Amino acid sequence: MIIRPLLYAAAFAALTACGTASAPDGMGVVRVQLTDAPFPFDSVAKVEVHVVRVDARLQDADDDDAAADVDDDDADGWVVLARPDKVFELLALQGGKLADLGSATIAAGTYNGLRLIIDASKSSITLKNGKKLTGASSPGVQFPSADRSGLKVRLAEGIDVTAANVSVLVIDFDVGESFVMRGNSITQNGLLFKPVLSATVK
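In this text, all values refer to a predicted model and were calculated from it rather than measured experimentally.

Comments concerning the overall build of the chain
- A tally of regular secondary structure across the chain gives three helices and 19 strands.
- When the 202 residues of the chain are sorted by exposure, 47% land in the buried category.
- Accessible surface, the chain: about 9400 Å² in total, of which carbon and sulfur atoms supply 48%.

Rendered as structure tokens:
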């Protein structure tokens, strides 16, 4: 399954109801939305991920950079694009439905690093038999951290935030690849979370 948050990056300070906006020189706003595509696991009823925030930085970032200082939203050059701090039921976003994650005013520039911060302690998968798998249940979901995790989003190219145009960045969160069965049964062995996220600019 591919999750597609749409990052509308533009150089404007406030979004209006009609979609027009203006901004101080050298600033821009990023709007974040979330959608979903079909999930391949027939035994899964819900995939609930608690998204704390989405960060970007001018400098490129590897997996270690994305995982560092997740409780400090301005460390190492990171800036906040969105701070929903809530649970999203990903399977409810199929068929092109969108969930708005929020927006923030940021400085103009080309952002080459992107990460998603999740709270594993508030994330879970519910099976169709009603059993909920968490980071603390047995069987459960083995997350990289028992609490907050910073997940690198791989960018095909930088995110250009300028006063001249609106950029659309599509982040693909491949849930089908990100949740891997441990052994040959989800109900007996649970899942391993190995996040696969990428992004392209449209």
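Here we look at the pattern of salt bridges
- Taken as a whole, this structure holds eight salt bridges when the rule is applied.
- Between Asp-65 and Arg-57 there is a salt bridge, with the nearest N and O atoms lying 3.2 Å from each other.
- Taking the relative accessible area as the measure of exposure, Asp-65 reaches 28% and is therefore partly exposed.
- By relative accessible area, Arg-57 is classed as buried at 6%.

Quick notes on the packing of aromatic side chains
- Tallied over the full model, the rule gives two aromatic pairs.
- Arranged with centres 4.9 Å apart and planes meeting at 40 degrees, the rings of Phe-179 and Phe-193 form a pair that is tilted. With a gap of 14 residues between them, Phe-179 in strand β17 (residues 179–181) and Phe-193 in strand β18 (residues 191–193) connect regions that are remote in the sequence.
- These aromatic residues form a ring-pair network of at least three members: Phe-143, Phe-179 and Phe-193.

Brief notes about the side chain of His-50
- The topology assignment puts His-50 in strand β4 (residues 44–57).
- Apart from residues no more than four positions distant in its own chain, His-50 is found in contact with Asp-85, Lys-86, Val-87, Ile-117, Ile-118, Asp-119, Lys-122 and Ser-123.

Remarks on the sheet that holds β17
- Spatially, β12-β18-β17 is the arrangement adopted by the three strands of the open sheet, whose pairing is mixed. The open sheet has two edge strands, β12 (141–142) and β17, and neither has a second partner.
- Relative to β18, β17 runs antiparallel, the two being bridged by three bridges. If you follow Phe-179 over to β18, its bridge partner there is Phe-193.

Notes on the side chain of Ser-123
- In this fold, Ser-123 is placed in the loop between β9 (113–119) and β10 (124–127).
- The buried category is assigned to Ser-123, whose relative accessible area is 2%.
- Separated by 3.0 Å, the side chain of Ser-123 and the backbone nitrogen of His-50 make a polar contact.
- Discounting chain neighbours no more than four positions away, the residues touching Ser-123 are Glu-48, Val-49, His-50, Thr-134 and Phe-143.

Looking at the environment of Pro-139
- Relative to the elements of secondary structure, Pro-139 occurs in the loop between β11 (132–133) and β12.
- The contact partners of Pro-139, leaving out residues within four places of it in the chain, are Lys-131, Leu-133, Ile-186, Thr-187, Gln-188, Asn-189 and Gly-190.

Details of the environment of Ala-146
- Looking at the element boundaries, Ala-146 is found in the loop between β12 and β13 (148–152).
- Given the relative accessible area of 69%, Ala-146 is considered exposed.
- Note: C-alpha distance between Ala-146 and Lys-122 (24 residues apart in sequence) is 9.6 Å.
- Sequence-distant contacts of Ala-146, that is, excluding residues within four places in its chain, are made with Ala-120 and Ser-121.

Considerations on the nonpolar core
- Within the largest apolar cluster, 43 residues are counted, with the highest numbers of intra-cluster contacts made by Val-44, Val-47, Leu-81, Leu-114, Phe-179, Leu-191 and Phe-193.
- When residues no more than four places from it in sequence are discounted, the contact partners of Phe-179 are Phe-41, Val-47, Ile-125, Val-141, Phe-143, Leu-191, Leu-192 and Phe-193.

Thoughts on a negative patch on the surface
- A grouping of Asp-69, Asp-72, Asp-74 and Asp-76 is seen on the molecular surface, where their side chains present a negatively charged patch.
- Of note, Asp-69 is situated in the loop between α1 (63–67) and β5 (79–82).

What to know about the environment of Asp-62
- By secondary structure assignment, the location of Asp-62 is in the loop between β4 and α1.
- A relative accessible area of 39% places Asp-62 in the partly exposed class.
- It is 9.0 Å that separates the C-alpha atoms of Asp-62 and Val-153, two residues lying 91 residues apart in sequence.
- Polar side-chain contacts of Asp-62 include one of 2.8 Å to the backbone nitrogen of Asp-65.

Calculation notes
Residues numbered from 1 in each chain as written. Predicted model: local features only at pLDDT ≥ 70, side-chain atom pairs only at ≥ 80, totals over all residues. Heavy atoms only, no water. Helix = DSSP H or I, 4+ residues; strand = E, 2+ residues; numbered from the N terminus. Buried < 20%, exposed > 50% of the residue type's maximum accessible area, 1.4 Å probe, protein only. Areas by Shrake-Rupley, 256 points an atom, 1.4 Å probe, with all protein chains shown as cover. Salt bridge = Lys/Arg side-chain N within 4 Å of Asp/Glu carboxyl O. Phe/Tyr/Trp six-rings, centres within 6.5 Å; stacked < 30°, edge-to-face > 60°. Contact = heavy atoms within 4.5 Å. Pairing = 2+ DSSP bridges. Polar contact = N/O pair within 3.5 Å; in protein donor to acceptor, adjacent residues only side chain to side chain. Core = buried A, V, L, I, M, F, W, Y, C linked by side-chain atoms within 4.5 Å. Patch = residues over 30% accessible without salt bridge, like charges linked within 9 Å, V, L, I, M, F, W, Y side chains within 5 Å. Lys, Arg positive; Asp, Glu negative; His and termini not counted. Charge placed at Lys NZ, Arg CZ, Asp CG, Glu CD.

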